[in-house]
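# An overview of the molecular structure
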Amino acid sequence: MAERFDRIWHNARLATMRDGRVDLGEIEQGLIAARDGRIVYAGAQSDFPVDADAAERIDCAGRWITPGLVDCHTHLVYGGNRAHEFELRLKGASYEEIARAGGGIVSTVAATRKATEGELVAGALPRLDALIAEGATTVEIKSGYGLDAETEMRQLAAARSLGRVRQVAIRTSFLGAHALPPESDGDKDRYIDLICNQMLPAVAKAGLADAVDGFMEGIAFSGEQTARVFEAARALGLPVKLHADQLSNLGGATLAAKFSALSADHLEHTDESGAVAMAKAGTSAVLLPGAFYFIRETQKPPVELFRKHGVHMALATDCNPGSSPLTSLLLAMNMGATLFRMTVAECLAGVTREGARALGVLAETGTLEAGKWCDLAIWDIERPAELVYRIGFNPLHSRVWRAQ
Ligand code: DI6
Ligand code: FE
């Protein structure tokens, strides 16, 4: 008897993004078959049984199918808005002047503390929907605008709620060590104690975080303070990741590697020893060209060193109100190519396979392979390079999350 499938997409061109390749794993006459939300077959149409039975058959008319996109670094749940700050900056105000006038990250913290979970969800939905409209099927969301246990947990709960009101997989990261809250009176060590002894255990107990993140920087936390947060995460069995070497080289990439972090992110100032340490540890590099562009950074991440040492490179939006108000993975890809000189294959892998790897979910999504969730983006394009090349144009034809 012929095998039965729920849905079959035929007459498609596939960019499978299978691991271990520098190309896209293209299949010209391709077919995908799904059952129970999972890919059962992704390959040449000619190798697929002609008598296979399916509840639904979709003729893709030669369109390209890529894995559903993965945004592996966002801060898209927050209260308020910082457009006014942008206007002040355009008039010449410095980041410090804005911060002293009550703006900057502290203003987002104040607005986030005032917002209910429902308000946080409602505020984040248009941003999440913008990502989904371009084919995103997995999105990571960080806390870090609460900076107290209650608000951090509310932010993470809002992130989890988003995954219930939209067909998208949400991965959460606890970023209590994002900035020093105003009530800490400059005492960073005492705030780190609070994170390790109270906030993180409460977040872990509630099952609200899939990973723990930090911001290691002169304006944020030191290597020693970050290591304490990572030790606490390790004791709770949670994987770690780090905002590292964004504005200066404090050895963030090396520290992340030492803790076998899933990823080190930003990395504009990472040196060769950091890249080597990441390669050895299997820590992914998450590159964030939106922040690089928006704060008019000039130091580029060492893409050449990452290639040389075989560090996996992901690309993400870093969607946040202060340094990267970006909700487009297509534009992130264009920026990855034009600003960082990444290849088309690297950009596409960066928002699919490598994004999934950076989140620790590569076994579940990120490539078109049997056994994974059937997460697809179907595009009206002639060649995959169009996804990277065009600016501000969305050629998504349709999106499929877990075969639906
Ligand atoms: N790095 C950044 O660039 C943002 N956070 C971080 O860890 C800035 C966040 C903000 O200004 O709201
Ligand atoms: Fe970030």
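Rules used throughout
- Residues numbered from 1 in each chain as written.
- Chains lettered and ligands numbered in written order.
- Predicted model: local features only at pLDDT ≥ 70, side-chain atom pairs only at ≥ 80, totals over all residues.
- Heavy atoms only, no water.
- Helix = DSSP H or I, 4+ residues; strand = E, 2+ residues; numbered from the N terminus.
- Buried < 20%, exposed > 50% of the residue type's maximum accessible area, 1.4 Å probe, protein only.
- Polar contact = N/O pair within 3.5 Å; in protein donor to acceptor, adjacent residues only side chain to side chain.
- Contact = heavy atoms within 4.5 Å.
- Pairing = 2+ DSSP bridges.
- Axes fitted to C-alpha atoms, helices over the stretch in contact; angles between N-to-C directions.
- Phe/Tyr/Trp six-rings, centres within 6.5 Å; stacked < 30°, edge-to-face > 60°.
- Lys NZ or Arg CZ within 6 Å of the ring centre and 35° of its normal.
- Core = buried A, V, L, I, M, F, W, Y, C linked by side-chain atoms within 4.5 Å.
- Donors = N, O, S within 2.8 Å, 3.2 Å for Na, K, Ca; no water.
- Tetrahedral: all angles 85-135°; square planar, octahedral: opposite > 155°, others 65-115°.
- 1 Å grid on protein atoms, 1.4 Å probe; cavity = no way out; pocket = protein on both sides within 12 Å on 5 of 7 lines; lining within 4 Å.
- Points joined across faces, edges and corners; volume = space filled by probe spheres on them.
- Nonpolar A, V, L, I, M, F, W, Y, C, P; charged D, E, K, R; others polar.
- Salt bridge = Lys/Arg side-chain N within 4 Å of Asp/Glu carboxyl O.
- Near = heavy atom within 4 Å.
- Areas by Shrake-Rupley, 256 points an atom, 1.4 Å probe, with all protein chains shown as cover.
- Sits in = over half its atoms within 2 Å of the grid points.

### Brief notes about the side chain of Ser143
Looking at the element boundaries, Ser143 is found in the loop between β7 (136–142) and α5 (149–165). Residue Ser143 is classed as buried on the basis of its relative accessible area, which comes to 0%. In this structure the side chain of Ser143 is engaged in a polar contact, spanning 2.4 Å, whose partner is the side chain of Glu152. Separated by 2.9 Å, the side chain of Ser143 and the backbone nitrogen of Leu175 make a polar contact. Beyond its immediate chain neighbours, meaning those up to four positions away, Ser143 contacts His75, Glu152, Gln155, Leu156, Ser173, Phe174, Leu175 and Gly176.

### Here's the deal with the sheet that holds β7
The strand order across the open sheet built from four strands is β6-β7-β8-β9, with neighbouring strands paired in parallel fashion. The two strands at the open ends of the sheet, each matched to only one other strand, are β6 (69–71) and β9 (211–214). Within this sheet the neighbouring strands show an average axis-to-axis angle of 20 degrees, counted without direction. Pairing geometry for β6 and β7, over three bridges, is parallel. Across the sheet, residue Asp71 finds its bridge partner in β7, namely Val139.

### Focus: the packing of aromatic side chains
On inspection of all chains with the given rule, the structure shows seven aromatic pairs. A centroid spacing of 5.3 Å and a plane angle of 45 degrees characterise the contact between Phe5 and Phe48, whose relative ring orientation is tilted. Here Phe48 lies in the loop between β3 (38–44) and β4 (53–59) and Phe5 lies in strand β1 (residues 4–15), a separation of 43 residues in the sequence. Assessed through its relative accessible area of 8%, Phe48 is described here as buried. Taking 5.0 Å as the distance between ring centres and 50 degrees as the angle between the ring planes, the aromatic pair formed by Tyr41 and Phe48 counts as tilted. For the pair formed by Tyr41 and Phe48, the shared burial category is buried. One aromatic cluster is present, built from ring pairs that chain together Phe5, Tyr41 and Phe48. Note that Arg38 overlies the ring of Trp373, its terminal NZ or CZ placed 3.8 Å from the centroid.

### Considering the nonpolar core
Counting residues in each nonpolar core, the largest one holds 90 residues, and the members touching the most others are Leu76 and Leu287. Among all residues touching Leu76, those that are not within four sequence positions of it are Ala124, Arg127, Leu128, Leu131, Val139, Ile141, Leu162 and Cys319. The next biggest cluster of nonpolar side chains, apart from the first, holds 17 residues, and it includes Ala12, Leu14, Ala34 and Ile39.

### Points about the coordination of the iron ion (ligand 2)
Summarising the metal site, the iron ion (ligand 2) is bound by the protein donors His73 (NE2), His75 (NE2), His243 (NE2) and Asp318 (OD), whose distances to it range over 2.1 to 2.2 Å. Geometry at the iron ion (ligand 2) is irregular, judged from the four donor atoms that bind it and their angles of 81 to 168 degrees at the metal. In terms of primary sequence, the donors binding the iron ion (ligand 2) are separated according to H-x1-H-x167-H-x74-D. With His73 in the loop between β6 and α1 (83–90) and His243 in strand β10 (residues 241–244), this pair connects stretches of sequence that are 170 residues apart. Grouping residues by exposure puts His73 and His243 together as buried.

### Observations regarding the layout of surface pockets
Empty space left among the atoms is revealed by rolling a probe the size of a water molecule over them. Roughly 850 Å³ of volume is contained in the largest pocket. Lining the largest pocket are 28 residues, and of these Tyr95, Ile105, Phe215, Ile219 and Leu247 sit closest to its centre. Per-element tally for the lining of the largest pocket: the top contributor is helix α2 (residues 95–100), with three residues. Its residues placed into classes, the lining of the largest pocket shows 12 nonpolar, 11 polar and five charged.

### Some details on the pattern of salt bridges
Scanning the entire structure with this criterion turns up 26 salt bridges. A salt bridge links Arg4 to Asp53, with the nearest nitrogen and oxygen atoms 2.8 Å apart. One end of the pair, Arg4, is in strand β1; the other, Asp53, is in strand β4, with 49 residues separating them in the sequence. Salt-bridge contacts for Arg113 lead to Glu183; the nearest nitrogen and oxygen are separated by 2.9 Å. Linking Arg113 in helix α3 (residues 105–114) with Glu183 in the loop between β8 (169–177) and α6 (188–205), this pair joins segments that are 70 residues apart in sequence. For Glu183, a relative accessible area of 44% gives the class partly exposed. Through salt bridges with shared partners, a single network forms among Glu140, Lys142, Asp213 and Lys241.

### A word on the site of ligand 1
For ligand 1, the full set of nearby residues is Arg82, Tyr95, Tyr145, His178, Phe215, His243, Gln246, His266, Asn320, Gly322 and Ser323. Take Arg82: an N or O atom from its side chain is 2.9 Å from an oxygen atom of ligand 1. Here His178 contributes a side-chain N or O atom positioned 2.8 Å from a nitrogen atom of ligand 1. For ligand 1, the protein covers 95% of the area, taking 320 Å² as the surface of the free molecule. A molecule is said to occupy a pocket when more than half its atoms come within 2 Å of that pocket's grid points, and by this definition ligand 1 occupies the largest pocket. Taken together, the residues of the shell around ligand 1 break down into three nonpolar, seven polar and one charged.

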